[in-house]
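Close look at the chain arrangement
Each chain is listed here by its residues.
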Amino acid sequence: MSYKILAINPGSTSTKIALYEDEEEVFIETLDHPVQVIEKFENVQEQYEMRKDLVMAFLEEKGYDIGKLSAVVGRGGMLPPVNSGAYVVNEAMLDTLKHRPAMEHASNLGAPIAYAIAKAAGIKAYIYDSVRTDELHHIARISGMPDIERTSTCHVLNTRAMAIKAAKKRGKRYQDMNIVVAHLGGGISLNVHEKGRIVDIISDDEGPFSPERAGRVPCRELIELCYSGKYDKSIMQKKLRGNGGLRAYLGTLDAREVEKMIEDGDEKARLIYEAMAYQVAKGIGELATVVEGNVDIIILTGGIAYSKLVTSWIKRRVKYIAPVEIMPGENEMESLAYGILRVLRGEEEAREYTE
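All of the points below concern the structure found in this document. All values reported here derive from a predicted model rather than from experimental measurement. Residue positions are counted from 1 within each chain, in the order its sequence is given. Local features are withheld for residues below a pLDDT of 70 in this predicted model, meaning they are given only at 70 or higher, and side-chain atom pairs are given and counted only at 80 or more; totals for whole chains, interfaces and linings count all residues. Processing note: side-chain calculations cover all non-hydrogen atoms of the structure and skip hydrogens and water entirely.

**Examining the overall build of the chain**
Summing up its helical and strand segments, the chain has twelve helices and 14 strands in all. The reference for a compact globule is 2.2 Å times residues^0.38; the radius of gyration itself is calculated from the C-alpha atoms. The globule rule puts the C-alpha radius of gyration for 355 residues at 20 Å, and the 21 Å found for the chain is close to it. Structurally, the chain occupies a C-alpha span of about 55 × 50 × 50 Å along its principal axes. Here the term buried applies to any residue with accessible area under 20% of the maximum for its type, exposed to any over 50%, and partly exposed to those in between, with areas from a 1.4 Å probe on protein chains only. In the chain, which comprises 355 residues, the share counted as buried stands at 50%. Contact between two residues is taken to exist if any of their heavy atoms lie within 4.5 Å; hydrogens are not considered. Put simply, 69% of the contacts in the chain that link residues at least 6 apart link residues at least 24 apart. Accessibility throughout is a Shrake-Rupley quantity obtained with a 1.4 Å probe, and a residue counts as covered only by protein chains that appear here. Taken as a whole, the chain presents about 17500 Å² of accessible surface, with 50% of it coming from carbon and sulfur. Secondary structure elements follow DSSP: runs of H or I no shorter than four residues count as helices, runs of E no shorter than two count as strands, and numbering proceeds from the N terminus.

Here it is as structure tokens:
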């Protein structure tokens, strides 16, 4: 029996949709939402009807009968901390996302749009590997300041999907392996999977800098800068997220442009770019200690994993820990669909969400 799964992934100015038949991608489409349209809405929830109607209109235009679907999956939004894997979308989840989300985010519309389409088709809607997946060990939550507890914020959807895929490729179960994954994108985050659970992470603000984020910076100097009187809070926030990293040093967040600068003999560009890879390698080494060095695979994924230069720099420093597998790309739509495919095949169980 084959399964047809519709995946929905709302972003800040677009909604991606994809249809999979088993592991085969039937189509993938990005429905753009111009800034002038988004600005008409006071908050994310008000965008629900607009985005849902666009998805439905696109499916009708394609002549696709939603009655043929086996399941619909939406990007998991800003719920309270949840476990990894699949959750059935229910009224409790919809109520939380509408009235009490952890923060405003476009992903909060993934579950409601999926639910509306699934209800019309008479099938179940799911989320998979929510943005708010948090399975950290208790010891990993200690920050050093009682006022601040470490929480799990990382690229869960893609990193966990790549870990599952890498284990399967080796004829092993994800639940039997220890895997360190580095997601290299506009933001860089790392995590360590111990026997099927993400037990510790390095988020994009406590580890390597990236194309647009500053990552871990010296705290004392940061505090001095915050209180120097030169910058207000919004500017400091942009220095950390948006205007940090490669953009701050080199004036671009496009890794391809940086590599062209290096090809043209720009030594500063080479130093900064290699420093980013150096910090990723340090993060991998840091997380390897969580499982006492018993790492089966190291995975490099995300858009920058397409860079042979960056991956070679990282691999050189960490290959002594474990074999390094390069699995480039964001893979979000595939990750959503494949997760629910495993549920439909009985390989995983979906949880019921409760607050």
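Further notes follow.
**Looking at the environment of Thr151**
Mapped onto the elements, Thr151 comes out in the loop between strand 8 (148–149) and helix 5 (156–169). With eleven residues separating them in the primary sequence, Thr151 and Ala140 have C-alpha atoms 8.5 Å apart.

**Some words on the environment of Ala120**
Assignment of secondary structure puts Ala120 in helix 4 (residues 110–121). Note: C-alpha distance between Ala120 and Gly67 (53 residues apart in sequence) is 8.2 Å.

**Considerations on helix 10 (residues 267–288)**
Expected helix span is taken as 1.5 Å per residue step, with the number of steps being one fewer than the number of residues. With 22 residues, helix 10 ought to run about 32 Å at 1.5 Å a step, and its terminal C-alpha atoms sit 31 Å apart, in line with that. Polar contact is defined as a pair of N or O atoms within 3.5 Å, subject to the rule that within protein one atom must be able to donate a hydrogen and the other to accept it, and that residues adjacent in sequence are counted only when both atoms are side-chain atoms. N-cap assignment for helix 10: the residue whose side-chain oxygen lies 3.1 Å from the backbone N of Lys268 is Asp266.

**Comments concerning the layout of surface pockets**
In this structure, the second largest pocket encloses a volume near 430 Å³. Residues are called lining when one of their atoms sits within 4 Å of a cavity or pocket point, these points coming from a 1 Å grid over the protein atoms alone, where a cavity is a set in which a 1.4 Å probe fits but cannot get out and a pocket is an open set with protein on both sides within 12 Å along at least five of seven lines. Forming the boundary of the second largest pocket are 19 residues, of which Ile164, Lys165, Lys168, Arg342 and Glu347 lie nearest the centre. Elements represented by at least two residues in the lining of the second largest pocket include exactly helix 5 and helix 12 (332–344). Residue contributions to the lining of the second largest pocket peak at six residues, all from helix 5. Residues are grouped as follows: Ala, Val, Leu, Ile, Met, Phe, Trp, Tyr, Cys and Pro are nonpolar; Asp, Glu, Lys and Arg are charged; every other residue, Gly included, is polar. Among the residues making up the lining of the second largest pocket, the classes are represented as six nonpolar, two polar and eleven charged. Grid points are joined across faces, edges and corners, and a volume is the space filled by probe spheres set on the points.

**Topic: the nonpolar core**
In plain words, nonpolar cores are sets of buried Ala, Val, Leu, Ile, Met, Phe, Trp, Tyr and Cys residues tied together by side-chain atoms within 4.5 Å. Within the largest apolar cluster, 37 residues are counted, with the highest numbers of intra-cluster contacts made by Val73, Tyr126, Tyr128, Tyr174, Ile179, Ile299 and Ile340. The dominant element in this core, judged by the number of residues it contributes, is helix 5, at eight residues. Apart from the residues lying within four places of it in its own chain, the contact partners of Tyr174 are Arg160, Ala163, Ile164, Ala167, Ile179, His193, Lys195, Gly196, Arg197 and Ile198.

**With respect to the sheet that holds strand 5 (residues 86–88)**
Spatially, seven strands are ordered 3-2-1-4-6-5-14 in an open sheet, and the strand pairing comes out mixed. Two strands in the sheet have a free side with no partner beyond their single neighbour: strand 3 (24–32) and strand 14 (351–352). Here, a strand pair is defined by DSSP locating no fewer than two bridges between the strands. Relative to strand 4 (residues 71–75), strand 1 (residues 4–10) runs parallel, the two being bridged by four bridges. Of the residues in strand 4, the one forming a bridge with Ile8 is Gly74. Interaxial angles span 0 to 180 degrees and are taken between N-to-C directions of axes, which are lines fitted to C-alpha atoms, for helices over the stretch in contact. Packed on one face of the sheet, helix 2 (residues 48–61) meets strand 1, strand 2 (14–21) and strand 3 and runs near 135 degrees to strand 3. Set on the sheet, helix 12 makes contact with strand 1, strand 2, strand 3, strand 4, strand 5 and strand 6 (125–128); between it and strand 1 the angle comes to about 140 degrees.

**Regarding the packing of aromatic side chains**
Two rings from Phe, Tyr or Trp (for Trp, the six-membered ring) form a pair when their centres sit within 6.5 Å of each other. Planes less than 30 degrees apart are called stacked, planes more than 60 degrees apart edge-to-face, and all others tilted. Counted according to the given criterion, the structure contains five aromatic pairs. The cationic tip of Lys239 hangs over the ring face of Tyr231; the distance from NZ or CZ to the ring centre is 4.6 Å. Ring-over charges, as used throughout, are those where CZ of Arg or NZ of Lys falls within 6 Å of the ring centre and within 35 degrees of the ring normal.

**Concerning helix 12**
Counted at 1.5 Å a residue, the expected span for helix 12 with its 13 residues is 18 Å, and the 19 Å between its end C-alpha atoms agrees. Most of helix 12 is tucked away, with ten of its 13 residues classed as buried. Burial in helix 12 covers these residues: Met333, Glu334, Ser335, Leu336, Ala337, Gly339, Ile340, Leu341, Arg342 and Val343. Following helix 12 by one or two positions, Gly346 has its phi on the positive side, about 80 degrees.

**A closer look at the sheet that holds strand 10 (residues 188–194)**
With mixed pairing, five strands are arranged side by side in an open sheet as 11-10-9-12-13. Among the strands making up the open sheet, the edge pair consists of strand 11 (197–202) and strand 13 (324–328). Within this sheet the neighbouring strands show an average axis-to-axis angle of 20 degrees, counted without direction. Examined bridge by bridge, strand 9 (residues 178–184) and strand 12 (residues 297–302) share five bridges and lie parallel to one another. Residue pairing across strands places Ile179 opposite Ile297, the latter belonging to strand 12. Running over the sheet, helix 10 touches strand 9, strand 10, strand 11 and strand 12 and is turned about 20 degrees from strand 10.

**Overview of unusual backbone geometry**
In most cases, non-glycine residues show a negative phi, while peptide bonds are predominantly trans. The backbone of Asp129 shows a phi angle near 45 degrees, a positive value even though the residue is not glycine. Structurally, Asp129 can be placed in the loop between strand 6 and strand 7 (142–145). The backbone phi angle of Lys195 is positive, close to 50 degrees, even though this residue is not glycine. If you trace the backbone, Lys195 turns up in the loop between strand 10 and strand 11.

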